[in-house]
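Okay, here's what each chain looks like letter by letter:
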Amino acid sequence: MQLRSFTFIGLLAVLAPLATLAAGGPMTGKTVKIGVVADVTGSAGAYGTSQKNAYDLATDDLKAGRIDAGGATLTFDIEDAASDPAQVINLIQKFSTDGTALLLGPTLSAEAKKADPIAVKANLTVLATSNTAQGITAQGPCVFRNSLAEEQVVPEAMSKAARAWHPKTAAIIYGDDNQFTKTDFEIFKNALEREHIALVDTETYHTGDVDFKAQLTNIASKKPDMLVVGSLLEEAVKIVVQAKQSGIKTHLIGGNGLNSPKFISLAGDAGTGVVIGAAYYLGNNYAGNRGFVDRYKKKFGTGPDQFAAQAYAAAQIVASAVKNGATASDQFCATFKKLNVVQTVLGPVAFQGSRDVRAASAIVRVTKNGFAYF
Amino acid sequence: MLAWFAAHSKLIDQIGINALLALSLSISLRSGQLALAQAAFMGIAAYVGAIGAVEAHWNLPLSLVIGSLCAAIAAALLALPLGRLRGVFLAIATIGFGEIARIVEINVKATGGAEGYANIPNDANTAWIYGTLGITGALILIFERSRAALAIAATREDESAARGVGIDVTAVRFGALVAGAALAGCAGVLYAHANYFITPSDFGFARMEQILVGCVIGGVTSSLGAVIGAAVMTILPESVRFLADYREVSTGAILLAIVLFAPDGIAGLWQRRA
Amino acid sequence: MLAQQLANGLFLGAVYALFAIGYTLVFGVLDILNLAHAAIFMATAFAAIALVGAGLPLALAIAIAVVFAGLLGIALDRVAFAPLRARNAGTLVPLISSIGVAIAIGGVARGLFGPGEHRFPSGTLGPLGEGRIHLGALAFSGLDIVILGVALALMGTLAYVMRATSLGRAIRAVAEDRVAAALLGLDLERTIALTFFIASALGGAAGILIGLQYDSVSLEMGSRIELKGLAIVILGGMGSITGAVIGAFILGAVEVLSVAYITSSYRDAVAFGVMFAILVLRPSGLLGKRALRTA
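Reading guide: rules and limits
Residues numbered from 1 in each chain as written. Chains lettered and ligands numbered in written order. Predicted model: local features only at pLDDT ≥ 70, side-chain atom pairs only at ≥ 80, totals over all residues. Heavy atoms only, no water. Helix = DSSP H or I, 4+ residues; strand = E, 2+ residues; numbered from the N terminus. Rg over C-alpha atoms; globule rule 2.2 N^0.38 Å. Buried < 20%, exposed > 50% of the residue type's maximum accessible area, 1.4 Å probe, protein only. Areas by Shrake-Rupley, 256 points an atom, 1.4 Å probe, with all protein chains shown as cover. Lys, Arg positive; Asp, Glu negative; His and termini not counted. Charge placed at Lys NZ, Arg CZ, Asp CG, Glu CD. Patch = residues over 30% accessible without salt bridge, like charges linked within 9 Å, V, L, I, M, F, W, Y side chains within 5 Å. Salt bridge = Lys/Arg side-chain N within 4 Å of Asp/Glu carboxyl O. Pairing = 2+ DSSP bridges. Expected span 1.5 Å × (residues − 1). Polar contact = N/O pair within 3.5 Å; in protein donor to acceptor, adjacent residues only side chain to side chain. Domains from an automatic or database assignment. Contact = heavy atoms within 4.5 Å. Buried area = accessible area lost by both parts, 1.4 Å probe. Nonpolar A, V, L, I, M, F, W, Y, C, P; charged D, E, K, R; others polar. Axes fitted to C-alpha atoms, helices over the stretch in contact; angles between N-to-C directions. Parallel < 35°, antiparallel > 145°, perpendicular 65-115°, else oblique. Left-handed = near helix turned anticlockwise from the far one by under 90°.

S.K.: What am I meant to see in the overall build of chain C here?
M.R.: Each helix and strand in chain C was counted, giving 11 helices and two strands. The secondary structure elements of chain C, listed N-terminal to C-terminal, are α-α-α-α-β-β-α-α-α-α-α-α-α. Here the C-alpha atoms of chain C give a radius of gyration of 19 Å, agreeing with the 19 Å that 2.2 N^0.38 yields for 295 residues. Counting only C-alpha atoms and orienting by the principal axes, one finds that chain C spans roughly 55 × 45 × 35 Å. Taking all 295 residues of chain C together, the buried fraction comes to 58%. When the accessible surface of chain C is split by element, carbon and sulfur atoms take 68% of a total near 10,900 Å². For chain C, the distance from the average site of its 18 positive side-chain charges to the average site of its 14 negative ones is 6 Å.

S.K.: Would you take a moment to explain a nonpolar patch on the surface for this structure?
M.R.: All names here are of chain B. A surface patch of nonpolar side chains, amounting to about 510 Å² of accessible area, comprises Leu69, Ile73, Leu77, Leu80 and Phe174. The element contributing the most residues to the nonpolar patch is helix α4 (residues 60–82), with four residues. You can see Ile73 is positioned in helix α4.

S.K.: Would you explain the sheet that holds strand β11 (residues 342–344) of chain A in this entry?
M.R.: Think of a sheet as strands paired side by side through backbone hydrogen bonds, with each pair either parallel or antiparallel. Residue and element names in this part refer to chain A. Reading across from one edge, β11-β12-β13 is the order of the three strands in this open sheet, with antiparallel pairing throughout. If you trace the sheet from one side to the other, it starts and ends with β11 and β13 (357–358), each paired once. As judged from the two bridges shared by strand β12 (residues 347–351) and β13, these two strands associate in the antiparallel manner. Counted as the bridge partner of Phe351 is Val357 from β13.

S.K.: I'm lost on α4(B) in this one. Help?
M.R.: Quick reminder: α-helices carry 3.6 residues per turn. Residues three or four places apart thus point the same way. The terminal C-alpha atoms of α4(B), which comprises 23 residues, lie 32 Å apart, in line with the 33 Å expected from a rise of 1.5 Å per residue. With a side-chain oxygen lying 3.1 Å from the backbone nitrogen of B:Leu62, the N-terminal cap of α4(B) falls on B:Asn59.

S.K.: Looking at this model, I keep getting lost on helix α5 (residues 87–107) of chain B. Mind explaining?
M.R.: In this model, α5(B) (21 residues) spans 31 Å end to end at C-alpha, consistent with the 30 Å of a helix rising 1.5 Å per residue. Counting buried positions along α5(B) gives 17 out of 21 residues, so the element sits mostly inside the fold.

S.K.: Hey, could you run me through the domain arrangement of chain A in this one?
M.R.: Interface size is often expressed as the accessible area that is lost when the parts come together. Residue and element names in this part refer to chain A. Along its sequence, chain A is organised into domain 1 (31–148 + 284–359) and domain 2 (151–278). Here the C-alpha centroids of domain 1 and domain 2 sit 29 Å apart. With 15 residues of domain 1 at the interface, the matching set in domain 2 holds 12 residues. Across the domain 1 to domain 2 interface the summed buried area is about 1,100 Å²; carbon plus sulfur atoms make up 44%. Its largest share of buried area at the contact with domain 2, domain 1 owes to Gln134, Leu148 and Gln306, together 46% of the area lost on that side. The interface formed by domain 1 and domain 2 contains zero salt bridges. Counting across the domain 1 and domain 2 interface gives four residue pairs in polar contact (both at pLDDT 80 or more). With three residues, helix α4 (residues 109–121) is the largest single contributor of residues to the side of domain 1 that touches domain 2. Looking at side-chain class alone, the side of domain 1 that touches domain 2 contains six nonpolar, six polar and three charged residues.

S.K.: I tried to follow the packing of helix α7 (residues 213–222) of chain A against helix α10 (residues 241–261) of chain C on my own but got confused; where do I start?
M.R.: Helix packing geometry: the angle between the two helix axes and the distance between the axes. Following both chains from N to C, one finds α7(A) and α10(C) inclined at 30°, their axes separated by 9 Å at the closest point. Considered as vectors, α7(A) and α10(C) are oriented roughly parallel to each other. Viewed along their axes, α7(A) and α10(C) form a crossing whose handedness is right-handed. In contact with A:Ala214, A:Gln215 and A:Asn218 of α7(A), α10(C) contributes C:Val256, C:Val259 and C:Ala260. Tallied by class, the residues present in the contact of α7(A) with α10(C) amount to four nonpolar, two polar and no charged.

Structure below.
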């Protein structure tokens, strides 16, 4: 009788700590500090706010166990760079010298090209969540990116459009003073050449322009079969609306600058039928996405845009890496390289040898009820 | 101490470069010319220096010399048609020049356009920046004790009177503009070599406004003022981050306060007390 | 196509004119370049959105916002310019002062409304926003016509005030020779205040009209138009209202024509190039005051 109690107590004593371990996960008790540089205010404030929202939601979801980091605590130290490259530089230098394990961001590609080299010099691993320019990951052996570059998405969008519409001619309108839109133009131009579609008119505008009638009148007179819109959201909405007003009835296609629920609500009728080559589709059925969208809507009053989705996916990737034992910068670098496919709201993602992401793109079309796969 | 410096070296570098820019503007302002093209001269030199460093493997000293020379030449060419303009008209003409320069930078292939120009060798460290600043400061101090400085001040205060006592006003204005441009050019090359990557929007009207505001806050008529103003303008956004979207109000309020209550800027306040 | 492009230029020019008049009025009277003008332009557009959002009908909201703009102009003068006038501070210092106010207004607007684009609540325009009117080969919207009409009406009212009222005479007197006007018994400060009211009210109206025209109000809308406004007043001549109007329509035409026939990338460069050429060749512009030293 006594032997049995002793054995029982002995077993409990041995099993109990194992039980707590099982409940918490292998990384329980570890805290990982992740630095985030985002343009929460300033001219890129809309994008940075989406990113901040996503990290806030990710923090909630980590606590609630919906994102599994193996029991570790992840803190996102979000600093606002106010869309000022000088501040991005200073913030990244701060993160490079205060023991931060990983840097997420910055929001804009131009900022990244100025400031990532500082992180690279200090051996701080960087995961870009919203940079889509060329040459981002080439900046250092530990610079990763989970945002699909336009050059990964546009060719697919263009070939789908070519198959569906058989256009012979096209016109492009793009912003010539913004890195994103200028790159968009180059990539779309190459894609048009590959599909043997003749470019009959190229028009430019400046960021912040509101009147495109002069350019659109030009385009209308050349009667292209397809109009490519290399723009960010606000100009794209106006271009599309004014195109309709100028009598342009042709097919419209754009890059991921247009990928936002706001595009639909603001462009209204003029936006129906526009095809967008994007990295995220709000209505996708990948694991956890529906829940993410619902929780985001409930917490912030609006659906998540691509910036939010990519930021949240980054949090999911980071959690997966932490679960695999990464807590310091060099460990993140090594773990990201070896990471198996992670299930995120963008779908299953993994890093290629070039440290760019391998993920499915979302070529969508605007319908009366929202986005739909094209 | 050393650790703090290492952690904030970029900020310190920014202060140095902004100080050079503020000094270059103050040279113009002290000769009575509201020539607001410093940002454009900075940009011209930055691109020349950057492209030279990447394509022709110039080292930093060579970049500095050629870059600031180009800026000086641009200023010389500009001074000719604009020589007769005064006051606000000169300001507007130089702002227009700045915009034209920016648009050319966006559209010319060699600069990379809006996508920016990358992979600039990062060899302008703090020593170079503050070395240049120190040499500039020394030169200005020496110059301030010379007769030429009196000529400049006379030109600013009353042009007709200056002409009356035999000062070649045209030469003075020309010299001030070109010297200021050369200095802005140095700052531009250093900026490019400290920043890995430049885009045309780095050198637009927003930058010009920032330089002007810094100069005024610090004190237009004194070199020390220019440096102080540059330091304040560089550090201010970092320290009022907590104000979030209301951040700019602090800049505007400080500028207004200086203009209304301390027209000689912070340096003026300091000197008044002394 | 040329006719349509010219029509585009016409509507563009009308609103530019309203904005440019504000610059030129203040410069004519005070020899100051008021760089806070663009900030008031922007702030008034936001004010109009806020008023419509609070439930007021559009016409009333516009009227109140325009008055708000005028009052903001008077406040601007009191805070940034009057103290400097009192101590004879020259022309550079008020310029800087206006930059300070512009930054402050921008900061407040950013804090209150946030970055990105803002729009008038949907349905604000009612039937005006829809539908295209076709006149031969030309196409424009009802809104275009209304905006053109409002702009022309405002300019006409201003012309009447300047020519036929005592206020107009007073403003012209102060612009001509401030000291003499004061000696002749004109209330200088009152005239200046009213000048600012008119200039800012017109600039604010331009802001609202542009906001309605393109369905877009943002913090950056001021800086975009600021430099164009400068080009216009240089072209038309600083201090000349008629010059500003003519300059505005010319700039509107030049802009759309360079897009149509040169290339859209250099559109702004053309506008600035024209301005630069004017400054070099004939700084007083088409109709303006003398800007040169004759020494």
